[in-house]
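Residues per chain, in single letters:
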Amino acid sequence: MARTREALISALLRDYSISRPAVTHPETARRQPIPFRAYAVHKDNGSLWPRTEHLEGLVWSSLAYDLRQQAFYTLTRDAWTGTKVSTNGGACMHLSRIVVKGYRSLSRVDVAVQSKTTCIIGENNAGKSCLILALRLALDVDLSSAYRSLVKDDIHTQVNQSQPFQVLVGVEFTDFDQNDNEVAMLHGTQLGDGRARIFYRFRPKALVRDALGTGDRDPNTLTLDDYGWELYGGGDPAIDLIDIEWDTENDDIGARSVGLQYLQAYRIVFLHALRDVESDLGDMRRSPLIRLIEASKIGQTEQDTLVAAVQAANDAIEASKSIEDVAEAVEKALHEVTGEAFALDVEIGLSSPTFQSILRNIRLLLSGPALKSFEPRRNGLGMNNLLYIAILIEQFRKRAAEGKAAGELILIEEPEAHLHPQLQTVLLDALRALPFQSIVTTHSTQVTSKAPLGSYVMMTNTGGASSFVSTIASNTALTSGDVADLERYLDATKSNLLFARRVMLVEGAAEAFLLPGLIKSAMGIDLDRYGISVVPIHGVHFGAYARLFSDTGLPKRCAIVADADLDPPDAEKVEVEEDEDAPPEKENLNALKGPFVEVFLGATTFEREIVLDNNLEMLGKAARAIGAPRVASKIDLAAAVLGIDEGLKKSVLNTAKRFGKARFAQLAAANMPEKGAAVPKYVEDAVNWLLA
C-alpha cells in the first residue's frame, strides 16, 4: 500500500518508538507517495532516507542506514537488532554445505562450510582441484557444458559403470532471506527452513530410466551416451542431498529444474594455479579491468570526449610525414601481394575512434621505486596475480553497489604458486575482510598457519581409492580447548602435519634436528620419501595434536615420541613456594592411544638415549665444535677404551643443556655419518609402526 510522507512518519513513530525527526533528508520532500520499504531510517536521529528499490506492501522488517558507520542495519517492529548487513541490501548469502558423490577422486564428500573464507588443504592429489571443479558443475554459468557432460575419467573408480549410476554434486545456501536478489535467484530451491539447495546430477536419461523400469533395457548395455546431466533445486527437506540415488526422481522429492540463466546473478570467478594473468587482462571477454570500467557506468558525454581525444590523436599521427610514408609503403606492398581485386587501404593510427576500441586497448600502468608508468607485463607473476584479484574485488564491489548482485564467490587455486610467504598472508587477510565468500585451495603451511581452524576443509590420501574429507567441526574428538590451543600453536612449521602422510610428534627442536638424519643413517629410511614429517611441538602438550588424528579428523598414523619424564624441553626444576601454584599433573599419554595414535617413550631423556656406541664419534665432534673440549675428550676415551656409562650420558645431557639443546643437536646433525649411526629402540619402534 502507498502512504504519504506524513502518514509514513506517523507509522514509524507509533510502531518503532522513534522520536520525530528534527530534520528529514531534502530528497524526501520532492518524492511522490511511495511504499513503506522505500525509506530507511537513521539509527541515531531518525531522519528518513529514500531507498532505491520500491516494494509494494507494508513490511515489518526494514533497513536503516547509519551515517557514522556507513552501513545498513536491520530494523524490526520491536527494536534495532544492531545487525550490520551488506550494502547490497541484505546479509551476505553463505554457501554452507558441499556434497559430492562419485566424481573423480571424490567417492563421498559431505562438508559444512563454516567460514566466509574457506581453505581447502591437503597434499598433492588429495582432490582439492576436483572439489573446486565439482562446485563449478553445480554453480558456475561460465563453465562449458562440455565439462558437465562427463567422460569415463570423471567417474570415480569405485563406481561400477556396467550398472546404472549417478554422479551428484549438491550445495546448500543460508543467510539469503534478507536480500531480494538472492531470494529471487533461489526461488524454487528453498527448503523452507532457512536453507536452499541446488544439485547437479549425471545419470541415465529419462527415456533410458523408463526403459530400465519397464525391463525393455538391459542395465548391462548402458554406455555414457545414455547418460545426461541435469540441474535441480529445492525439494523435500526431509530428503537429504547425500541420500539422493540415481533412480530418485526429482518430481518425487518436489525438486524443480534450475536453468543456468537464473544463476547468472551469482557471480563465480575461478583463478587456477597456472593462470596467464597478462593474457586475461588483455582479453576483451575475460578481462576484469574491462568489466570494472563497464560497471563504472561511464556516461555518453564522457565516452564522446574520450573518443574525440582518440580521434584527435589519430589525426595528429596521420599528419606526420614519416608515418604517412610508412603507411603508403605498406599499402603498396599489400597491393603487390594481393593484386588490385583484393587490396585494402592502409592507414596507421592508434585505433578506430570508438569507445569499444578504447576498452580493448586500454592498459593498466603501474609505478614503483624503480619504474614509472610501466605495463603489468614487466611485473612478476605473483604481483600480476594480486593485481588481477584486486581488480576483481573492486568489480564485485561495484556490482553489489548497483543492487544487481545475488552473491559472489571467488575460487583461488594454490595462491602460493606465485606468491612469497608474506604476500600469501596479506592475500589471505584481505580475502577474510571481504564482504563476499572465497574458497582457496592450498598446500602451503604459510597459508594454513594464518587461517582459522574453522576455515579448514581437510583432504588427505589414506591409501585407498578415495580421498578423506573432514573439517575441524566434524572432529568430535577435539575439545574447544584443543581448538584454541591448535589455533595458537599451528605455525608454519607445525602446520606441516596437515599435509604429511604420517606424522611423528616430538617434544622439541633437538629431536627435529637429529631424528631424520639418525633414522636415515641407522635404518636406511628417508622419512621425506615415505611422507613422514617430524613435527616438534616445543613442549609436552601432545593431547590437542593427537586428537586431530581420528576417524572424523585426519585418519592417518601419528606416533608420539617423547621422553619418559615428560618435562618440557625448556623446563627448569625450581622449588615451589607455599603461596605459588604447583604445576599441573603431567598428561597421561597412554590415554591418547587409538587406531591412529601410538605412544613411544624413551627410558630417560633424548640426549641420554642417543649416547650409543655408533654415535660417539658424532657426539664428540659436536662437543668439540660447541666449545666443550673436556667433554669431547671424555667421549673419545669412552669410544676407545672405557665404553659408555651413566656418567658419560649425564655429561652429554649437561653439555646440551649448558650450550643449548637445539644448538648441540644442530652440530651433531652436521657431523652425522652417512651410514652406521644408531637410533634408540623406542624411536626404531615408532618408525616401524608408522611404516606398517
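Up top you'll find the structure we're talking about.
What you see is a predicted model, and the numbers here were worked out from it, not measured in a lab.

Draft legend 1. The arrangement of the pattern of salt bridges in detail. Inspection of the entire model under this criterion finds 27 salt bridges. One salt bridge connects E230 with R201, and the closest N-O pair in it is separated by 3.9 Å. In this pair, E230 is assigned in strand β13 (residues 227–234) and R201 in strand β12 (residues 196–204), connecting sequence segments 29 residues apart. R201 shares its class with E230; the two are buried. For the salt bridge of R217 with D226, the shortest nitrogen-to-oxygen distance reads 2.8 Å. Connected through salt bridges with shared partners, the residues R97, D110, E172, D193, R195 and D240 form a single ionic network.

Draft legend 2. Up close: the environment of I244. Within the secondary structure, I244 is located in the loop between β13 and β14 (255–257). You can call I244 buried: its relative accessible area is 0%. When the C-alpha atoms of I244 and K101 are compared, they prove to be 9.8 Å apart, with 143 residues separating the residues in sequence. In this structure, I244 is in contact with K101, Q166, L168, F199, R201, I239 and I253, ignoring residues within four places of it in sequence.

Draft legend 3. Highlighting the packing of helix α18 (residues 616–626) against helix α19 (residues 629–642). Two elements in contact, α18 and α19, have axes separated by 7 Å at closest approach and are oriented at 165°. The pairing of α18 with α19 is recorded here as roughly antiparallel in orientation. Every pair of crossing elements has a handedness; the one defined by α18 and α19 is left-handed. For the pair α18 and α19, the contacting residues are L616, L619, G620, A623 and R624 in the first and P629, V631, A632, S633, I635, D636, A638 and A639 in the second.

Draft legend 4. Geometry of the sheet that holds β14. The antiparallel open sheet is built from six strands, whose spatial order is β9-β8-β11-β12-β13-β14. Both edges of this open sheet fall to β9 (106–112) and β14, since each of them pairs with a single strand only. Looking at each pair of strands side by side, their axes are set apart by 20° on average, direction ignored. Pairing between strand β8 (residues 94–103) and strand β11 (residues 167–174): seven bridges, direction antiparallel.

Draft legend 5. Main features of the nonpolar core. Within the largest apolar cluster, 51 residues are counted, with the highest numbers of intra-cluster contacts made by L95, V100, L131, L139, F173 and Y266. If sequence neighbours within four positions are ignored, L131 has contacts with I98, V100, L106, V109, I120, V457 and M459. Membership of the second largest hydrophobic core comes to 44 residues, among which are V506, V534, L648 and Y682.

Draft legend 6. A look at a nonpolar patch on the surface. On the surface, a cluster of nonpolar side chains totalling about 210 Å² of accessible area is made up of V326, V330 and I348. Summarising the element assignment, V330 is placed in helix α9 (residues 321–338).

Draft legend 7. Fine view of the environment of I644. For I644, the location among the structural elements is in the loop between α19 and α20 (646–659). It is 7.7 Å that separates the C-alpha atoms of I644 and V611, two residues lying 33 residues apart in sequence. When sequence neighbours within four positions are dropped, the list of residues in contact with I644 reads V611, L612, D613, L616 and K649.

Draft legend 8. Representation of the side chain of H156 in the model. The topology assignment puts H156 in the loop between α3 (145–148) and β11. The exposure class assigned to H156 is buried, which follows from its relative accessible area of 1%. Reaching out from H156, the side chain makes a polar contact with the side chain of S466 at a distance of 2.8 Å. Not counting residues up to four positions away in its chain, the partners in contact with H156 are G102, Y103, R104, S105, L106, S107, A465 and S466.

Draft legend 9. Representation of the sheet that holds strand β15 (residues 267–271). Pairing is mixed across the open sheet formed by six strands, whose spatial order is β15-β16-β17-β10-β18-β19. Each edge of the open sheet is held by one strand with a lone partner, namely β15 and β19 (467–471). With strand direction ignored, the average angle separating the axes of adjacent strands in the sheet is 15°. Of the strands in this sheet, β10 (117–121), β15, β16 (408–413), β17 (437–442) and β18 (456–461) are in contact with helix α2 (residues 128–139), which crosses β17 at around 150°. Here helix α12 (residues 421–432) sits on the sheet in contact with β10, β16 and β17, set at roughly 135° to β10.

What counts and what doesn't
- Residues numbered from 1 in each chain as written.
- Predicted model: local features only at pLDDT ≥ 70, side-chain atom pairs only at ≥ 80, totals over all residues.
- Heavy atoms only, no water.
- Salt bridge = Lys/Arg side-chain N within 4 Å of Asp/Glu carboxyl O.
- Helix = DSSP H or I, 4+ residues; strand = E, 2+ residues; numbered from the N terminus.
- Buried < 20%, exposed > 50% of the residue type's maximum accessible area, 1.4 Å probe, protein only.
- Contact = heavy atoms within 4.5 Å.
- Axes fitted to C-alpha atoms, helices over the stretch in contact; angles between N-to-C directions.
- Parallel < 35°, antiparallel > 145°, perpendicular 65-115°, else oblique.
- Left-handed = near helix turned anticlockwise from the far one by under 90°.
- Pairing = 2+ DSSP bridges.
- Core = buried A, V, L, I, M, F, W, Y, C linked by side-chain atoms within 4.5 Å.
- Patch = residues over 30% accessible without salt bridge, like charges linked within 9 Å, V, L, I, M, F, W, Y side chains within 5 Å.
- Areas by Shrake-Rupley, 256 points an atom, 1.4 Å probe, with all protein chains shown as cover.
- Polar contact = N/O pair within 3.5 Å; in protein donor to acceptor, adjacent residues only side chain to side chain.

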